[in-house]
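# Structural overview for review
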Amino acid sequence: MLSEKLQAIHKEAVAAFNAAKDSKDLYELKVKYLGKQGPLAGLMREMAGLSKEEKPLFGKLVNEVKQGLEDHYSQREAALAQAELNQKIATEALDLSLPGPVRARGARHPIQKVINEVVEILSRIGYSVRTGPMIEKDWYNFEALNIPADHPARDMQDTFYIDESHVLRTHTSPIQIRTMESEKPPLRILAPGSVFRCDSDVSHSPNFHQIEGLLIDRKVSMADLKGTIAYFVKEYFGPEIKIRFRPSFFPFTEPSAEVDCSCPICKGKGCRMCKHSGWIEIGGSGLVNPKVLAHCKLNPDEWQGFAFGFGMERMAIIKYGIEDIRLFAENDLRFLRQFEA
Amino acid sequence: MKISMRWLNDYVDVQDLMAAPEKLAAKLTAAGIEVEQIENLAARFKSVVVGHIIEKGQHPNADRLSLCQVDAGQGKNLQIVCGATNHKQGDKVVVALPGAVLPGDFEIKLSKIRNVESYGMLCSEKELGLAAESPGIMILPKDAKVGTPFADFMGFDDVVFELSVTPNRADCLSHFGLAREVGALLGRGYEMPLADFKAAGGSSKKFIDLEVKNSDLCPRYAGRAVFKVKVGPSPDWLKSRLEKVGLKSINNIVDVTNYVMMELGQPLHAFDADQLAGQKIIVDNARKGEKFQSLDGTEYTLAGDELMIRDGNRPVALAGVVGGLNSGVTEKTENIFLESAHFLRDAVRRTARKLGIETDSSYRFSRGTDPEGVVLAMNRACELIQKVAGGQIGSDYHDFYPHRHSHPVIAISHSYLEERLGYPADKKEFETWMKRLGCQTKESKKLGGWEVQAPPYRWDLEAAVDLVEEFARLNGYEHVPETFPPLQTSPAPHGAQYVQENHLNDLLVAEGYLQAINYGFYNSRGAAQFLGPTERLKSVGLPTAAQGIAIKNPLSEDTDVMRTSLLPGLFKNFLHNYRHGLEAGRLFETGFVFGTSDQGYHESCRTALVAWGQPIDLWATTKTERPAVYDLKGSIENLLAKLLITSYQWRKPKPEEVPSFIHPGQAAALFMEGRLIGVLGTLHPSLNLEHKLRHSVAVGEFSFADLMKGQPRLPKARSISKFPAVERDLAFLVPDSVPAEDILKEIRKQSGALLEEAWIFDVFQGGNLEKGHRSVAYKMVFRDSQGTLSEEALTQLQKKLVEGIQKRFNVQVR
């Protein structure tokens, strides 16, 4: 009798497990058939009335059925879990064409970017940055640089005046003087900064940026100057870019040279940027005039130097193809965002 | 300066280069005389030819227009409409055919004028760019050949160079001077112009008395009279040469002085000798307060230190700068006194600069003229005057020249030359170049080099290094090799300002801000209006001058004063962007502002920010706009965290201390290291109204030096606790008058070392809450570094916290 009951329970439970719709359902059935209140547990209790010989036999039978049901449950549970996971995955597809959250992205101003790029390249060969005031003494901006009062060279730089003895610096060259006065040679310095000229048109801004380099050492030649600038230009514009020196005049250097580089845009073939000449003017340079050294109390027989200067706006125009100089001061977001790289 | 190649060819043979002027230009540019432009004059008058008026009739539809049949050598007569009245049948005229482009980019096309076709234009001198004004069309001499290109007819088969001559090369400011340079460059000889004439007039010296009182400023003064001249228009050859180099023809006498200046570089002045009071020329300083009227009629009041040319009782010329109206050559002039002098550079520069006059004469004198060329130039002018204006040249002439000028001898060694160049220099080559430059060169065994004396016209050759440049440029800068100077000492660190600016700017870029760079000057009125009372800025830690440092010669009102704050500039940038439809943005600027202190001018670095709107983000949890000021404040707090600054406070300024461009209820000042160092807040609503702004705009400005004091700070590593953390929340009903942060501070203070972190995680207003109150919820994270916190200890701590806070702030726990 008992074994018949056992068979019936097994059959019923298996059918119920098979019919379970989900794992929660299944778990409830497990409790129902295999739990302490379930039919198997009831049969075990009924075993009390059996003889000593029958007990172990029947007990074994019940355990076998119980084990069989538990195994079946596990199988069903795994199958249901898998089916449910599959179902979940199937409904969870995301449209990854949607963007991530938008976070405002910042950027350096292109002028700052160019300054940093130039500084990085020249730092590698021992140059370090110095800064100085923008309202500058006439002495530092002109006199010490061998540009005496009333000299025609002053007409080369249209100057904003503050008072009798102060101007808005027309170049960052006063920083060379200040450094030569305050530090001991040998020196390799870079002076980036904002400069002012009383001049404004399509291609000139009254407040723009320059970087100037100065080297002071015991023996310095034009060849050293040319080699240094050639290194810089190749690093900045590309290894195929060449430089060319043209004689010029700056009161604070002698000999003086304008520096041209082969046009990085057209690689020297001729384009609008280089006015179809294949060459682009990028700055001025020369050996430090002994008169300037003497003004800084350096003995020109002992110390020599070279200096070079580049316009940062011009560099940015060449490097990034900026077409209008007015963009630099407008601070239009649409312009600035182009330089977030 | 303009140079005509034909004129240049008078002194150095450049005939072979006429067809390839760019070759000569390249040579000059490579030697430091930059040729900015090459103009082929023949091309300027393309399709402009000599024509002959065969018939002059009346235009059928216009009384004021004539209808001409013109033979312009085209094989058939051309019908041309003309508005001028000075022509008649049979005249030779200048015809611009269709396709011609006249000065001013005026293109001639086949056109219909009042329904009558016109196949070209009869030109006036003005239309041809040959005169400023002209009464009618240009009538050519009868013998002009029909069909001849006008350029050929005028002798305009020429090329004109526009030179940019650097201030050190005054010797190249004339055709002969440039011929010398070209001769040196090409290794060709050059010819000096000669003055060949008969001096049939009376004595110049007896006619005009000369006295030079100020010989230190006027080392040489020569003068010669020309008697009985006939002032009138110049002949065509003279006019044409002057026109080519950009000078207007005035009269034959003045034209000759200009011609000789353009030829030899020596400025000259012709006086009407009969106007010279007392028949005297005195070179002397001006009298203080004296008035002087220049040739163009401008009156100047003299300070007394100007070098003047005077007659018996008044100034007649500003020496080397400009002549006086009282003694200039006019149509009535009969006898002239021609001045050719050498004035010192400084004297002329000073006068010209002080009075703001720049003439072709002062331009040359202030760069240095040739003292040895004075007499030649004077005689050359006498010869030409006689040629074009008749008269008799004075039999003798003045030449005050007490000390013959010569430049000092420069010692240069061969090794110095090579060391500066950085490459081996051939001795013979050096000597050749010096010789070609006109230098006297003597080899010196003692120096291991040479003694070199520059010619009198080369004022720029003063020292050995100048000769290095001469050698380098003539030999060609392309021969300079590229070497690398060895680094002998260890490199120095960058200056702190550069490093710190970069650091701060990088942090702000990471916060999503775009860097702006504005001019260092701005409009004083606009800025003052924006900034309002400056004492308010001072009270939040931004000392600001009420009056910015003024620029003496501003370009315009827009840039008349040095900036005292960065915000007016950033606000302008914001408006620019906003008006271009950019409704969200973040800008910052780090830069200097200017003021005055006891030590003089003072420059201090600031960092300022402006933020408005939010980027369109579909993930935003709420669609209502967050006040921009919280974005800005959050960025500053991130910045401070990254600078490892933990001890700072935001302080609410009193309404009367809030800068007037900031909303008085939405401002916070940053307190650090014992003082206020800047402010942030929402733009004042009145500015929103004024500029029609629909969004809240946040602005802030901080003192850079205070922010970056002690930077870089080094992070200090701490061990990480193994024990678990416990979180607790507390919410209070807080009156609006109590800042939420004050309670947070109190939580921190009371919790002591067990509190790891605490923050405000929710603020709620409205609903059933009591008016004037809000619910603020705080989250706390507790952790004991020594062991696991017991539930009991936590409960006790929380109880203590709630009691303490309720007692202190009159708030209720929720």
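See the structure shown above.
Residues numbered from 1 in each chain as written. Chains lettered and ligands numbered in written order. Predicted model: local features only at pLDDT ≥ 70, side-chain atom pairs only at ≥ 80, totals over all residues. Heavy atoms only, no water.

## Considerations on the overall build of chain B
In terms of regular secondary structure, chain B is built from 23 helices and 41 strands. In terms of C-alpha radius of gyration, chain B reaches 41 Å, well past the compact-globule figure of 28 Å for 814 residues. Along the longest, intermediate and shortest principal axes, the C-alpha atoms of chain B span 130 × 90 × 55 Å. Sorting the 814 residues of chain B into buried and exposed places 52% on the buried side. Taking contacts inside chain B between residues at least 6 apart in sequence as the whole, the part at least 24 apart equals 70%. Carbon and sulfur atoms make up 50% of the accessible area of chain B, which totals about 38100 Å². For chain B, the centre of its 96 positive side-chain charges and the centre of its 102 negative side-chain charges are spaced 3 Å apart. (Helix = DSSP H or I, 4+ residues; strand = E, 2+ residues; numbered from the N terminus. Rg over C-alpha atoms; globule rule 2.2 N^0.38 Å. Buried < 20%, exposed > 50% of the residue type's maximum accessible area, 1.4 Å probe, protein only. Contact = heavy atoms within 4.5 Å. Areas by Shrake-Rupley, 256 points an atom, 1.4 Å probe, with all protein chains shown as cover. Lys, Arg positive; Asp, Glu negative; His and termini not counted. Charge placed at Lys NZ, Arg CZ, Asp CG, Glu CD.)

## Some points on unusual backbone geometry
Along the chain, A:Pro185 connects to A:Pro186 via a cis peptide bond; the corresponding omega equals 0°. Here A:Pro186 lies in the loop between helix 7 (174–182) and strand 5 (187–196). In this chain, B:Gln711 is followed by B:Pro712 through a cis amide linkage whose omega measures -5°. Note on placement: B:Pro712 falls in the loop between helix 21 (704–707) and strand 38 (726–735).

## Structural notes on the interface of chain B and chain A
Often, the extent of an interface is quoted as the loss of accessible area upon association of its parts. Contacts between the two partners involve 86 residues from chain B, matched on the other side by 89 residues from chain A. Between chain B and chain A lies a buried interface of about 7400 Å² when both sides are counted; carbon and sulfur atoms form 59% of it. Our enumeration of links across chain B and chain A arrives at 3 salt bridges. The salt bridge partner of B:Lys552 is A:Glu164, with a shortest N-O separation of 3.5 Å. Between chain B and chain A we count 45 residue pairs in polar contact (both at pLDDT 80 or more) in total. With 8 residues, helix 15 (residues 496–510) of chain B is the single largest residue contributor to the side of chain B that touches chain A. (Buried area = accessible area lost by both parts, 1.4 Å probe. Salt bridge = Lys/Arg side-chain N within 4 Å of Asp/Glu carboxyl O. Polar contact = N/O pair within 3.5 Å; in protein donor to acceptor, adjacent residues only side chain to side chain.)

## Quick notes on the packing of aromatic side chains
Going through the model one piece at a time under the given rule, you end up with 34 aromatic pairs over all chains. Ring geometry for A:Phe308 versus A:Phe310: centroids 5.6 Å apart, planes at 40°, classification tilted. Ring centres 4.8 Å apart and planes at 75° place the aromatic pair B:Phe574 and B:Trp612 in the edge-to-face group. Of this pair, B:Phe574 sits in helix 18 (residues 567–579) while B:Trp612 sits in strand 33 (residues 600–612), and the two are 38 residues apart along the sequence. Members of the aromatic cluster, connected to one another through ring pairs, are A:Tyr127, A:Phe232, A:Tyr236, A:Phe237, A:Phe306, A:Phe308 and A:Phe310. B:Lys779 extends its terminal NZ or CZ atom over the ring of B:Phe761, reaching a point 4.9 Å from the ring centre. (Phe/Tyr/Trp six-rings, centres within 6.5 Å; stacked < 30°, edge-to-face > 60°. Lys NZ or Arg CZ within 6 Å of the ring centre and 35° of its normal.)

## Details of the pattern of salt bridges
Two side chains bearing opposite charge may form a pair once their charged atoms approach each other closely. All names here are of chain B. For the coordinates displayed, the defined rule picks out 61 salt bridges over all chains. With its nearest N and O atoms 3.7 Å apart, the salt bridge here joins lysine 142 to aspartate 91. With a gap of 51 residues between them, lysine 142 in the loop between strand 12 (139–140) and helix 4 (150–153) and aspartate 91 in the loop between strand 5 (78–82) and strand 6 (92–96) connect regions that are remote in the sequence. Judged by relative accessible area, lysine 142 falls into the exposed class, the value being 58%. In this structure aspartate 91 comes out as buried when scored by relative accessible area, which is 2%. In this structure, the salt-bridge partner of arginine 380 is glutamate 383, at a minimum N-O distance of 3.2 Å. Here arginine 380 and its partner glutamate 383 are both found in helix 11 (residues 374–389), 3 residues apart, which amounts to about one turn of the helix. Here arginine 380 falls in the buried class, since its relative accessible area comes to 12%. Classification of glutamate 383 as buried rests on a relative accessible area of 11%. What you see here is one network of salt bridges that share partners, running through Arg169, Asp171, Glu181, Arg458, Asp460, Glu470 and Arg473.

## Description of the sheet that holds strand 17 (residues 280–285) of chain B
Residue and element names in this part refer to chain B. If you walk across this open sheet you meet the 5 strands as 14-17-20-21-22, and the pairing is mixed. At either end of the open sheet lies a strand with only one pairing partner, and these are strand 14 (209–212) and strand 22 (322–323). By the bridge criterion, 4 bridges tie strand 17 to strand 20 (residues 307–310) in an arrangement that is antiparallel. Residue pairing in the sheet places aspartate 284 in a bridge with methionine 308 of strand 20. (Pairing = 2+ DSSP bridges.)

## Regarding the environment of B:Ser124
Residue and element names in this part refer to chain B. You can see serine 124 is positioned in the loop between strand 11 (121–122) and strand 12. Classification of serine 124 as buried rests on a relative accessible area of 9%. Remark: the alpha-carbon pair of serine 124 and serine 134, spanning 10 residues in sequence, is separated by 6.5 Å. Sequence-distant contacts of serine 124, defined by excluding residues within four places in its chain, comprise Ser134, Gly136, Ile137 and Met138. A distance of 3.5 Å separates the side chain of serine 124 from the side chain of serine 134, its partner in a polar contact.

## Some points on the environment of B:Phe161
All names here are of chain B. The residue phenylalanine 161 is located in strand 13 (residues 159–164) in this model. Phenylalanine 161 gets classed as buried once you look at its relative accessible area, which sits at 0%. Sequence separation between phenylalanine 161 and isoleucine 38 is 123 residues; the distance between their C-alpha atoms is 4.8 Å. Not counting chain neighbours up to four residues away, the residues in contact with phenylalanine 161 comprise Met1, Lys2, Ile3, Met5, Pro21, Leu24, Ala25, Leu28, Val35, Gln37 and Ile38.

## Things to note about the pairing of strand 10 (residues 304–311) of chain A
Residues and elements named next belong to chain A. Of all the 8 residues making up strand 10, 7 are buried; the element is thus mostly covered by neighbouring parts of the structure. When strand 6 (residues 207–217) meets strand 10, the two strands line up antiparallel, connected through 8 bridges. Bridge pairing in strand 10 links leucine 215 to phenylalanine 306. Relative to strand 10, strand 9 (residues 279–288) runs antiparallel, the two sharing 5 bridges. The residue of strand 10 that forms the bridge with glycine 286 is alanine 307.

## Brief notes about helix 2 (residues 21–30) of chain B
Taken together, the buried positions of helix 2 of chain B are B:Pro21, B:Leu24, B:Ala25, B:Leu28 and B:Thr29. When helix 2 of chain B is viewed along its axis, its buried side chains cluster within an angular range of 135° and face the same direction. Buried residues belonging to helix 2 of chain B abut strand 7 (243–250) of chain A together with helix 1 (5–8), strand 2 (34–40), strand 13 and helix 5 (175–186) of chain B. Just beyond helix 2 of chain B, the residue with positive phi is B:Gly32, at close to 100°. (Arc of directions from axis to C-beta.)

## Some details on the sheet that holds strand 41 (residues 812–813) of chain B
Residues and elements named next belong to chain B. Strand order in the open sheet made by the 4 strands is 39-40-38-41, with antiparallel pairing throughout. Looking at the sheet topology across the chains shown, the edges are occupied by strand 39 (755–764) and strand 41. One ladder, built from 10 bridges, connects strand 38 with strand 40 (residues 773–782); its direction is antiparallel. Bridging across to strand 40, valine 726 finds its partner in phenylalanine 782. The strands that helix 22 (residues 740–751) touches are strand 38, strand 39 and strand 40; relative to strand 39, the one it contacts most, it runs at about 155°. In the packing of helix 23 (residues 791–809) onto the sheet, contacts are made with strand 38, strand 40 and strand 41, and the angle to strand 38 comes to roughly 15°. (Axes fitted to C-alpha atoms, helices over the stretch in contact; angles between N-to-C directions.)

Function cannot be read off these values alone, since they describe shape.
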